[in-house]
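These are the residues of each chain, in order.
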Amino acid sequence: SGLARECLFRSRRFITDLCRFITNEYEFWSGRGYAKLDAWALVCQSVRRVFEDIHSERVYGRHVKSGDAALTAAKYVWAVFKSHKVMQMYSDMNFHDHPSISAVVSRHLASNHHKPTDEVKTYSAQVKRCETSLADLTRKYDALESRVNQKLRDAGGTPLHHPKKDKKKPVADDS
């Protein structure tokens with residue numbers, strides 16, 4: 001029948017869109033630096049949510065077995081239409097923009113968020129050690145350079161050129 005073909009066509013389109021979403025979503029998260037397993041975990045949580053939403057609409061026809069065959073068939077068809085409506089919403093929103101997927105991503109990001117305060121403290125301590133080491137090395141270099149220049153002057157030679165110390169401020173043009 002035409003109705004069955006339309007449902008089949010829409011189901012095929014939905015599966016094609018879902019496969020595209022899975023591929024794009026994996027590439028998106030792995031491109032953001034997620035490890036393969038973590039990217040797949042997030043994609044799988046999203047896909048699971050899609051099927052949970054479809055199931056919640058389809059479940060209406062699950063236990064419909066009355067003595068009236070027409071009523072049973074009508075409830076089955078109604079459950080199929082409700083499922084297709086959910087599938088259509090996901091496809092129309094390119095899956096990623098659907099509120100259910102946003103909720104999955106938000107929960108994932110919230111549960112995997114690391115406060116940067118501990119890392120900042122660690123890096124701050126490392127920067128402080130590097131600054132102290134640099135200051136110490138600069139003092140040692142300056143002292144060594146002074147000794148070498150003194151020896152050169154005592155021997156009648158020209159002192160070493162130190163670009164940082166020899167820089168002159170630009171002269172302002174009064175014109």
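These numbers were taken from a predicted model, which means no experiment stands behind them.

Enquirer: How do you make sense of unusual backbone geometry when you look at a structure like this?
Expert: One can expect most non-glycine residues to show negative phi and most peptide bonds to be in trans. Even without being a glycine, Asn 94 presents a positive backbone phi close to 55 degrees. Relative to the elements of secondary structure, Asn 94 occurs in the loop between helix H3 (69-92) and helix H4 (99-111). Look at Asn 94 and you get exposed, because its relative accessible area is 55%. Even without glycine at this site, Phe 95 takes up a positive phi of about 60 degrees. As for its position among the elements, Phe 95 is in the loop between H3 and H4.

Enquirer: Explain the packing of aromatic side chains here, please?
Expert: Remark: the centre distance and the inter-plane angle together describe each pair of aromatic rings, the angle taken between the planes. Tallied over the entire structure, the rule returns six aromatic pairs. Arranged with centres 5.2 Å apart and planes meeting at 20 degrees, the rings of Phe 21 and Phe 95 form a pair that is stacked. Of this pair, Phe 21 sits in helix H1 (residues 2-31) while Phe 95 sits in the loop between H3 and H4, placing them 74 residues apart in sequence. Here the two residues Phe 21 and Phe 95 agree in accessibility, since each one is buried. Among the aromatic side chains, those forming a connected cluster through ring pairs are Phe 14, Phe 21, Tyr 90 and Phe 95.

Enquirer: Help me understand the side chain of Ser 100 in this model?
Expert: Position of Ser 100 among the secondary structure elements: in helix H4. One polar contact links Ser 100 to Asp 53, side chain to side chain, over a distance of 2.8 Å. Contacts of Ser 100, omitting those with residues within four sequence positions, involve Arg 49, Asp 53 and Tyr 90.

What counts and what doesn't
- Residues numbered from 1 in each chain as written.
- Predicted model: local features only at pLDDT ≥ 70, side-chain atom pairs only at ≥ 80, totals over all residues.
- Heavy atoms only, no water.
- Helix = DSSP H or I, 4+ residues; strand = E, 2+ residues; numbered from the N terminus.
- Buried < 20%, exposed > 50% of the residue type's maximum accessible area, 1.4 Å probe, protein only.
- Phe/Tyr/Trp six-rings, centres within 6.5 Å; stacked < 30°, edge-to-face > 60°.
- Polar contact = N/O pair within 3.5 Å; in protein donor to acceptor, adjacent residues only side chain to side chain.
- Contact = heavy atoms within 4.5 Å.

Functional significance is not addressed by these values, which are geometric in nature.
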